[in-house]
Amino acid sequence: MFASFLDIEGVEVLRGPQGTLFGRNASIGAVMLRSVQPQSRYSGAVKAEIGSGNRYRLEGNTNIPVSDHIAVRIAAMGQLFGGYWHNSLDGKDFGRLDQAASRVSIKSELSDMVIWTLRGEYAHFDGAEDPNFKLNYGSVSAAGRAGLTKLLRADIPDQNLYGHSNNIYRPPDAFNHDRQWA
């Protein structure tokens, strides 16, 4: 859920060390993300976004009071991003991301002193990464490129640093497929 920032009410940045409260890996501090609690009134919201790179995002939530002491909140988000770059070698886009996330929260006020919140979350991310290297052809002379091609015994990939098209080899495992649940 961290990557989607779904239905967040607030963010706290705590200076370190925070090892006593959050464990030994919080030696320089901690960041706390608070999701919205279910509320005892009917409400809902929907938000849609469209952006460059074929980016589409739809997000929504609803509160449903079940009784005087029990409320349910459902939040969901879906995002499609076509990516900024196209690889002419294999015909695929990279920088692409398809993402969906959902959360169901049930809040039960057992008394004035005891409140229980139960949450279930699921998210999946499918994307294609951009390679982490680029060769700026303007930084190497023609003789230098010829020497590098001879040394590698292969053509140097045709990469355009500032454009949207490349011609590079990408291994099949260069795609992310991540599932999270809690």
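For the structure itself, consult the block above.
As the structure is a prediction and not an experimental result, all values here were calculated from the model.

Account for the overall build of the protein chain, with residues named and values stated.
Across its full length, the protein chain holds two helices and twelve strands. Secondary structure elements in the protein chain, listed N-terminal to C-terminal, are β-α-β-β-β-β-β-β-β-β-α-β-β-β. Sorting the 182 residues of the protein chain into buried and exposed places 28% on the buried side. Across the protein chain, every contact between residues at least 6 apart in sequence was considered, and the portion connecting residues at least 24 apart equals 55%.

An account of the packing of aromatic side chains is needed here, citing residue identities and associated values.
Inspection of the entire model under this criterion finds zero aromatic pairs. Against the face of F81 rests R55, its NZ or CZ located 4.0 Å from the ring centre.

How would you explain the nonpolar core if you had to name every residue and give the values?
Core analysis: the largest hydrophobic core is formed by six residues, namely L6, A75, M77, A101, A123 and F125. When residues of this core are traced back to their parent elements, those giving at least two are β5 (70-81) and β9 (115-128).

Quick rundown of the side chain of R73? Include the residues and the values.
Along the chain, R73 falls in strand β5. Taking the relative accessible area as the measure of exposure, R73 reaches 7% and is therefore buried. Separated by 3.4 Å, the side chains of R73 and N63 make a polar contact. In this view, R73 contacts D7, V36, Q37, P38, N61, T62, N63, R103, V104 and S105; residues no more than four positions away in its chain are not counted.

Tell me about the pattern of salt bridges, residues and numbers included.
This model, assessed by the stated rule, comprises seven salt bridges. In this structure, D7 engages R73 in a salt bridge whose closest nitrogen and oxygen atoms are separated by 2.7 Å. You can see D7 sitting in the segment before β1 (8-15) and its partner R73 sitting in strand β5, a full 66 residues away along the chain. The exposure class assigned to D7 is buried, which follows from its relative accessible area of 8%. The salt bridge involving E121 is made with R103; its shortest N-O contact spans 2.7 Å. Of the two residues, E121 sits in strand β9 while R103 sits in strand β8 (residues 97-109), which places them 18 residues apart along the sequence. Residues E121 and R103 agree in their burial class; the two are buried.

I'd like a description of the side chain of K107, backed by residues and values.
Within the secondary structure, K107 is located in strand β8. You can call K107 buried: its relative accessible area is 17%. Apart from residues no more than four positions distant in its own chain, K107 is found in contact with Q37, P38, H69, I70, A71, I115, W116 and T117.

Before we move on, can you summarise a nonpolar patch on the surface with the specific residues and values?
The grouping of Y42, I64, V66, I70, I74, V104, I106 and L118 at the surface amounts to a nonpolar patch, some 710 Å² of accessible area in total. Where the nonpolar patch is concerned, the elements lending two or more residues are β5 and β8. Inspection of the secondary structure assignment puts Y42 in the loop between β2 (29-35) and β3 (43-51). Looking at Y42, the relative accessible area reads 64%, which means it is exposed.

Give a detailed account of the pairing of β8, specifying residues and quantitative values.
With twelve bridges connecting them, β5 and β8 associate as antiparallel partners. If you follow R73 over to β8, its bridge partner there is S105. Counted between consecutive antiparallel strands, the loop separating β8 from β9 contains five residues.

Would you mind going over the environment of V46 in detail, with residue names and values included?
By secondary structure assignment, the location of V46 is in strand β3. Overall, the relative accessible area of 70% leaves V46 in the exposed class. Separated by 31 residues in sequence, V46 and M77 have C-alpha atoms that sit 9.7 Å apart. Once residues lying within four places of it in the same chain are set aside, the contact partners of V46 are L58, E59 and G60.

Definitions and limits used
- Residues numbered from 1 in each chain as written.
- Predicted model: local features only at pLDDT ≥ 70, side-chain atom pairs only at ≥ 80, totals over all residues.
- Heavy atoms only, no water.
- Helix = DSSP H or I, 4+ residues; strand = E, 2+ residues; numbered from the N terminus.
- Buried < 20%, exposed > 50% of the residue type's maximum accessible area, 1.4 Å probe, protein only.
- Contact = heavy atoms within 4.5 Å.
- Phe/Tyr/Trp six-rings, centres within 6.5 Å; stacked < 30°, edge-to-face > 60°.
- Lys NZ or Arg CZ within 6 Å of the ring centre and 35° of its normal.
- Core = buried A, V, L, I, M, F, W, Y, C linked by side-chain atoms within 4.5 Å.
- Polar contact = N/O pair within 3.5 Å; in protein donor to acceptor, adjacent residues only side chain to side chain.
- Salt bridge = Lys/Arg side-chain N within 4 Å of Asp/Glu carboxyl O.
- Patch = residues over 30% accessible without salt bridge, like charges linked within 9 Å, V, L, I, M, F, W, Y side chains within 5 Å.
- Areas by Shrake-Rupley, 256 points an atom, 1.4 Å probe, with all protein chains shown as cover.
- Pairing = 2+ DSSP bridges.

It is worth stressing that arrangement in space is one thing and function is another; only the former is reported here.
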